[in-house]
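Below are the chains, spelled out letter by letter.
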Amino acid sequence: MDQYDVIEKHTLSGLDLVEKYIKFVKERTEIEQNYAKQLRNLTKKYSPKRGSKEEQECRFSNHQSFLDILNEMNDYAGQRELIAENMMMNICIELTKYLQELKLERKTHLSDGKKAQQSLESTYKQLDNSKKRFEREWREAEKATQYAEKTDQDINATKADVEKAKQQAHMRTHIAEECKNDYAAQLQKYNKEQNQFYFTDMPLIFNNLQDMDERRMRKLAQAYILYADTERHVMPIIGKCLEGITRAGTNVNEKNDSLVLIEQHKSGFERPGDLEFEDYSQGINRASSDSSLGTPKGPLDLLGKNKSKPFWLFSKKSKSSSSPLTPFSTPPAPSPANGPPSPKFGRDPLSYCLKEINKTVKPRISSFRTLRRTPAATEDFGHLPPEQRRKRLQQKIDDISKELQKELDQSEALGKMKDVYEKNPQMGDPASLAPQITQTTHNIERLRGELRECLLVLTNHLNKLVSPSSPDGAQSDESTPDASQAIYAEFDDDFEEEELSIPIGQCTALYNFPGVNEIGTIAMQEGEVLAVVEEDKGDGWTRVRRNNGDEGYIPTSYANITLNK
């Protein structure tokens, strides 16, 4: 009871500790947030921009792995932000609220203790006053009694003086008796309150303060544990991020990257044949030798190189020309002039052409036959090597097809909106949609014209690849007409009486895909199972077939494909 001030200081120290811990956690959350922000800025700094050269390099596994690492670090930064958020919500905010409750409760208990102490002190003052009054009045009564006795013995005092002195003594004695009784009552009251104060009130207050302080310590201990649990909770996800970084390292395939580089930059040019010996001793002049059909041109003539400069196999290619060989390609066996075709086309050049046409043009031939002949300026990429030109034309066809699909969807939406306006005039004026419909129709016609031109250019390009040329640049009289007729005969046969090819596997749709007949794609629903007719050739499309015989192309990334072994 005598250590009231010590208890008051101890409880105040406990509340200060809670407040100090709250500030500590807040500063920790600020550190985590700044760390996460710096990580996100770091990943953003090194992430490739859209359309940049770095984004195009992501087709290589080592570049893609670095991009995966950046994505994992971005997720890792998100986990650091989650740590900061959970600490702020579950520790700082909760403890701050609980601290305010503790301060209010402590203030109430201390206030009750002070009230009890003030009440006891007030009772003691009343007791002291009654005691002093009793002492004073008792002395006055004694003096009055002594004076009355002295007056009674005095022979000179009159009877009236004696009676008056006795009455005064009696009155003082009576007052002293009342003060005595009051003092006794005050003493009893004080003793009772003092007993209540020391055995009931203060022990209860101290117990309440003890219970409050113990609850504070339990809550603080839980906050200590929660501090560790908050970070431990995200450790599995952080571990997955680190596993993803490790997996990105193991996914680097140097051999495949080399093949991708070869496929991306191979020119498609044939390697020059051996130079024939020109025997000047026989009188053959150089002019006739150069114009001879049996003598092949030199490598500088075939590649269009400047004869005044030396020819280097691995020299850097300019923007307008490409190197005939890629540094990683394996040279095939040389072939003599007028001999069998280059190994590029296999033993049968016509079969190669038909295969290429079936792979690139055939899925879109239905659109080709229905397109209107709208004039359109189409870049034919004639300055590129044959293989690169085919890829660029293929890419341009895909881009135009996607843009055409958007315009068709917009046209359909405008048509439905116009029907709604016509049926419900209060919703809008159908005439207000006329400019948009006209513009959309114009865009569709323009894109169809561009698509038709691109398909024509690609078809002619593949046709030229099939027709082998003589060394002097003239086409063979025997091979060209037959190859051309065979190509168009193959087209007619395929579209008039197309035979169903044997499925090579099956796939399950992962997402919905609308599909457009005009560009050779087929619609599918999520979870639909389709037969795989032709696997992805590297352009991102796979040919599939439904049970009813409908065939078309779908994005390879939209389905889970399983090929037959």
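As the structure is a prediction and not an experimental result, all values here were calculated from the model.

Focus on the overall build of the chain
In terms of helices and strands, the chain carries 12 helices and five strands. Going through the 565 residues of the chain one by one, you find that 32% of them count as buried. Long-range contacts, defined as pairs at least 24 residues apart, comprise 73% of the intrachain contacts of the chain with a sequence gap of at least 6. Working note: accessible area of the chain is about 36,500 Å², and carbon and sulfur atoms make up 52% of it.

Some remarks on the pattern of salt bridges
In total, this model carries 21 salt bridges according to the counting rule given. A salt bridge links Glu-32 to Arg-28, with the nearest nitrogen and oxygen atoms 2.7 Å apart. Of this pair, Glu-32 and Arg-28 both sit in helix α1 (residues 4-46), separated by four residues, roughly a single helical turn. A single burial state applies to Glu-32 and to Arg-28, both of which are buried. With its nearest N and O atoms 3.5 Å apart, the salt bridge here joins Glu-137 to Arg-172. Here Glu-137 is found in helix α3 (residues 61-153), whereas its partner Arg-172 is found in helix α4 (residues 159-250), with 35 residues between them in sequence. Overall, Arg-172 belongs to the partly exposed group, its relative accessible area being 23%. A cluster of three or more residues bridged by salt bridges with shared partners is formed by Arg-28, Glu-32, Arg-80 and Glu-231.

Observations concerning the packing of aromatic side chains
All chains considered together, the criterion is met by 12 aromatic pairs. Summarising the aromatic geometry, the rings of Tyr-4 and Phe-206 are spaced 5.9 Å apart at their centres and angled 35 degrees between planes, so their arrangement reads as tilted. Here Tyr-4, found in helix α1, pairs with Phe-206, found in helix α4; they are 202 residues apart in sequence, far enough to count as distant. Relative accessible area serves as the criterion here: at 11%, Tyr-4 is assigned to the buried category. With 6.4 Å between their ring centres and 85 degrees between their planes, Tyr-35 and Tyr-76 make a pair best called edge-to-face. In this pair, Tyr-35 is assigned in helix α1 and Tyr-76 in helix α3, connecting sequence segments 41 residues apart. Take Tyr-76: its relative accessible area is 15%, and that puts it in the buried class. A network of ring pairs unites the aromatic residues Tyr-21, Phe-24, Tyr-224 and Tyr-227 as a single cluster.

Remarks on the side chain of Gln-79
Here Gln-79 lies in helix α3. A relative accessible area of 12% means that Gln-79 is categorised as buried. Among all residues touching Gln-79, those that are not within four sequence positions of it are Val-234, Ile-237 and Ile-238.

Conventions we followed
- Residues numbered from 1 in each chain as written.
- Predicted model: local features only at pLDDT ≥ 70, side-chain atom pairs only at ≥ 80, totals over all residues.
- Heavy atoms only, no water.
- Helix = DSSP H or I, 4+ residues; strand = E, 2+ residues; numbered from the N terminus.
- Buried < 20%, exposed > 50% of the residue type's maximum accessible area, 1.4 Å probe, protein only.
- Contact = heavy atoms within 4.5 Å.
- Areas by Shrake-Rupley, 256 points an atom, 1.4 Å probe, with all protein chains shown as cover.
- Salt bridge = Lys/Arg side-chain N within 4 Å of Asp/Glu carboxyl O.
- Phe/Tyr/Trp six-rings, centres within 6.5 Å; stacked < 30°, edge-to-face > 60°.

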